[in-house]
Amino acid sequence: VQIMPCGAASRFLILYGSQRGQAQSIAEEICDQASGHGFIGEISCLSKGEKYNLDREHGPVVFVVSTTGDGEPPDTALKFVKKLKSKSLPCDHYSHLHYALLALGDTNYANFCNCGKTIDSRLQELGAKHFYATGHADDGTGLEIVVDPWIEGLWEALRRTFARMSVSNQEGIAQGQDTEKSIQQEAPIQGKLDSAAVSLNLLKLTDVETQKEKAETSVSESKSTETHKAPLEASLIRSVAPLSGSSLNVPALPPSYLDVCLEDTPAAEESTQHVMKEGFCEVAVSRAAHLTRDDAVKSAILLELDISDQDMSYQPGDAFDVLCPNRASEVEELLGRLGLRDQRNQHVRLQLRKDTKKKGAQVPPYIPQKCSLQYLLTWCLEIRSSPKKAFVRALVDYTQDSGEKRRLQELCSREGSADYNRFVRDTNLCLLDLLQAFKSCSPPLSLIIEHLPKLQPRAYSAASSCLHHPGKVHFVFSVVDFPACAEHPKRTGLCTGWLTRHVSAILQPYGKTASAGKTADYSALPKINVRPRVSNTFHLPSDPSIPIVMVGPGTGVAPFVGFLQQREKEREETRDGVFGETWLFFGCRHKERDFIFREELERFAENGTLNHLKVSFSRDEPDGNGPDPKPRYVQHQLLLHAKNMIHILFKVNGYLYVCGDAKNMAKDVNDTLIEMISNELQLDKLESMKMVAKLREEKRYLQDIWS
């Protein structure tokens with residue numbers, strides 16, 4: 001039992017800014033663990049400004065903040081960041097404040113942890129002091145690699161801070177030097193965080209191959225010396241030495257906080273009212289068409305939505321959220337696994353446990369009152385999400401088989417982090433997969449509701465302009481496939497798979513262009529729930545004379561089709577207007593199979609709306625007519641036109657837009673941009689990187705990317 005260092009004075013504040021719930025979950029975990037270390041944690045969302053007052057906060061403050069979009073703050077932190085950036089604040093405004101900050105980000109995106117870094121640097125400018133080193137957790141490699149040791153080190157940092165505050169209050173000792181000393185004492189912890197990140201960054205493909213070769217050599221040697229013993233391999237349900245024989249550091253059990261009652265009376269007729277409260281509108285899909293041939297590697301589908309009856313406006317560059325249900329067969333399977341098939345139509349009543357120890361616990365606001373169990377699992381919870389370690393830890397206590405219990409403990413332990421990443425996180429394992437693998441695990445419904453996150457909408461970029469298609473909006477998607485593996489069967493992406501099945505009755509084959517009108521059978525058209533997601537920056541320049549460069553391979557071309565439709569109409573309406581040069585770099589695998597929007601793009605090029613259309617086909621065989629090989633990817637095309645690109649971006653202040661895959665394409669384009677600047681302007685790499693950063697700051701290098 002740990003003693004509270006300073007009695008009731010050991011209270012600290014936890015503030016979080018979260019977009020999809022990860023920062024909130026980590027903040028709640030810190031709050032839940034606090035009492036076990038002798039502290040009192042008070043937690044609040046940054047958006048709830050009435051619940052805290054940093055101007056008068058003299059206790060330690062812990063921030064947990066994520067980053068969304070192109071380095072933007074999450075919606076719940078927008079107001080706080082705006083207030084923090086106010087130039088009217090004096091430089092000593094927060095000189096009384098002692099804080100620690102955990103920033104969440106993803107290195108697949110350019111502005112890694114940008115919101116956290118912004119808050120951190122601004123607090124420093126306003127006189128606030130660190131009591132613990134800042135952590136930067138990477139969702140691209142696994143948040144827990146940084147989060148777990150950061151939380152582990154937080155408690156000692158808090159102890160020192162409270163002890164120092166106590167001495168300061170009693171003796172009036174200045175705290176400035178002590179704070180700096182504290183940071184130096186935490187250097188080993190920060191070093192551990194940094195080394196973990198550096199190690200991951202240095203692990204290149206060649207290292208992986210080398211390790212693989214070593215493993216294969218080791219296995220072959222083992223076979224030759226002990227042919228009678230086949231080496232065991234780790235899997236989701238089995239560990240190998242040294243983990244199988246290790247003592248484990250298992251996280252504390254998250255406190256339960258919900259009582260769930262299934263009423264005998266059937267639930268009332270299902271309503272999507274809770275969806276409407278979140279700004280969604282039900283609209284008809286007036287057209288659906290394949291944009292790729294049947295033999296394309298990936299299938300791309302265009303949907304046309306009729307929004308003529310809705311108060312819904314958009315600009316090219318905006319996106320639309322689509323709310324899709326969980327797959328019916330997976331809901332059915334989960335109900336069966338939980339032993340609740342017969343109760344599917346029963347009314348679910350939720351209330352807080354009176355004895356809960358969870359701070360700030362509340363009934364999930366996204367679950368409507370008096371909904372059925374079937375509805376709850378279909379529309380409210382993300383049953384496809386990978387179980388977090390806290391969830392895995394909670395499942396341990398509902399597992400009967402001792403071997404399965406031990407394996408779940410390993411997966412949620414610090415020592416089992418590599419196995420957790422390999423078999424849970426990296427394979428997109430979901431709760432149902434886990435329950436199918438661990439047969440003796442029988443969690444209650446309350447645990448499922450407590451740990452599964454809210455079902456999130458999926459965003460798709462508008463591929464149209466309302467000037468060109470009044471009352472309509474288009475978007476395009478590739479059907480995502482998750483191949484079968486040892487951990488789960490083959491399946492399609494939740495939303496792309498559902499959309500494909502949902503519009504199958506009106507889905508036109510490749511080459512057809514007919515659009516459904518408001519005919520007698522219009523009411524029979526498939527309907528989906530959508531809401532506009534307005535972009536603050538990913539729009540055409542307000543001055544049409546500014547030149548633009550667009551990079552969008554595959555379905556990443558979608559917003560640029562909208563850009564060009566808009567520009568085409570503007571040119572028609574303003575014959576004597578001045579319009580800047582337009583470049584589009586498009587790429588796909590095969591010219592004849594998946595060159596989507598080909599006819600429309602070629603029309604734009606012919607009528608002058610698009611001045612330069614540069615295409616690359618990565619899988620087509622070279623024709624052999626030219627002396628040089630044709631560029632395979634969009635970044636190769638960019639290099640061929642480096643002089644033009646540098647002129648547009650740095651001589652005439654043009655705009656660069658990139659849309660598509662974050663993990664590979666966007667990084668390659670960014671590296672190519674740095675290379676072009678270095679070569680054309682004769683600058684070293686560091687100076688070139690500064691030039692790219694300046695483009696971003698000026699909002700002239702804009703990205704709409706996903707991983």
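The structure reproduced in this document is the subject of the present report. (Residues numbered from 1 in each chain as written. Predicted model: local features only at pLDDT ≥ 70, side-chain atom pairs only at ≥ 80, totals over all residues. Heavy atoms only, no water.)

Along the backbone of the protein chain there are 23 helices and 22 strands. Residue burial in the protein chain is summarised as follows: out of 707 residues, 47% are buried. Long-range contacts, defined as pairs at least 24 residues apart, comprise 80% of the intrachain contacts of the protein chain with a sequence gap of at least 6. Of the roughly 34300 Å² that the protein chain leaves accessible, carbon and sulfur atoms contribute 50%. (Helix = DSSP H or I, 4+ residues; strand = E, 2+ residues; numbered from the N terminus. Buried < 20%, exposed > 50% of the residue type's maximum accessible area, 1.4 Å probe, protein only. Contact = heavy atoms within 4.5 Å. Areas by Shrake-Rupley, 256 points an atom, 1.4 Å probe, with all protein chains shown as cover.)

Moving on: the packing of helix α21 (residues 642–650) against helix α22 (residues 662–681). Think of two packed helices as two axes; the pair is described by the angle between the axes and how far apart they sit. At a minimum axis distance of 10 Å, the contact between α21 and α22 shows a crossing angle of 90°. Put simply, α21 runs roughly perpendicular to α22. Residue-level inspection shows Ala642, Lys643, Met645, Ile646, Leu649 and Phe650 of α21 in contact with α22, the latter providing Leu673, Met676, Ile677, Glu680 and Leu681. Across the contact of α21 with α22, the residue classes break down as 9 nonpolar, no polar and 2 charged. (Axes fitted to C-alpha atoms, helices over the stretch in contact; angles between N-to-C directions. Parallel < 35°, antiparallel > 145°, perpendicular 65-115°, else oblique. Nonpolar A, V, L, I, M, F, W, Y, C, P; charged D, E, K, R; others polar.)

Let us look at the sheet that holds strand β18 (residues 548–551). Strand order across the open sheet formed by 5 strands is β20-β19-β18-β21-β22, with parallel pairing between neighbours. Either end of the sheet is taken by a strand with one partner, and the two such strands are β20 (612–617) and β22 (701–706). Neighbour-to-neighbour, the strand axes of the sheet open up by a mean angle of 10°, direction not taken into account. By the bridge criterion, 6 bridges tie strand β21 (residues 655–661) to β22 in an arrangement that is parallel. Across the sheet, residue Val658 finds its bridge partner in β22, namely Gln703. (Pairing = 2+ DSSP bridges.)

With that settled, consider empty space enclosed by the protein. According to the stated counting rule, one finds 2 cavities of 30 Å³ or more in the structure shown. Volume-wise, the second largest cavity comes out at about 50 Å³. Listed by contribution, the elements that provide at least two residues to the lining of the second largest cavity are α21 and α22. No other element matches the 3 residues that α22 contributes to the lining of the second largest cavity. Taken together, the residues of the lining of the second largest cavity sort by class into 8 nonpolar, no polar and no charged. (1 Å grid on protein atoms, 1.4 Å probe; cavity = no way out; pocket = protein on both sides within 12 Å on 5 of 7 lines; lining within 4 Å. Points joined across faces, edges and corners; volume = space filled by probe spheres on them.)

Counted at 1.5 Å a residue, the expected span for helix α17 (residues 558–573) with its 16 residues is 22 Å, and the 23 Å between its end C-alpha atoms agrees. Within α17, the full set of buried residues consists of Ala558, Pro559, Phe560, Val561, Gly562, Phe563, Leu564, Gln565, Gln566, Arg567 and Glu568. (Expected span 1.5 Å × (residues − 1).)

Take helix α3 (residues 114–125) next. Between its terminal C-alpha atoms α3 stretches 16 Å, which fits the 16 Å expected from 12 residues at 1.5 Å a residue. All buried positions along α3 are accounted for by Cys115, Gly116, Ile119, Asp120, Arg122 and Leu123. Against β3 (61–65), α2 (78–84), β4 (98–105) and β5 (129–130) lie the buried residues of α3.

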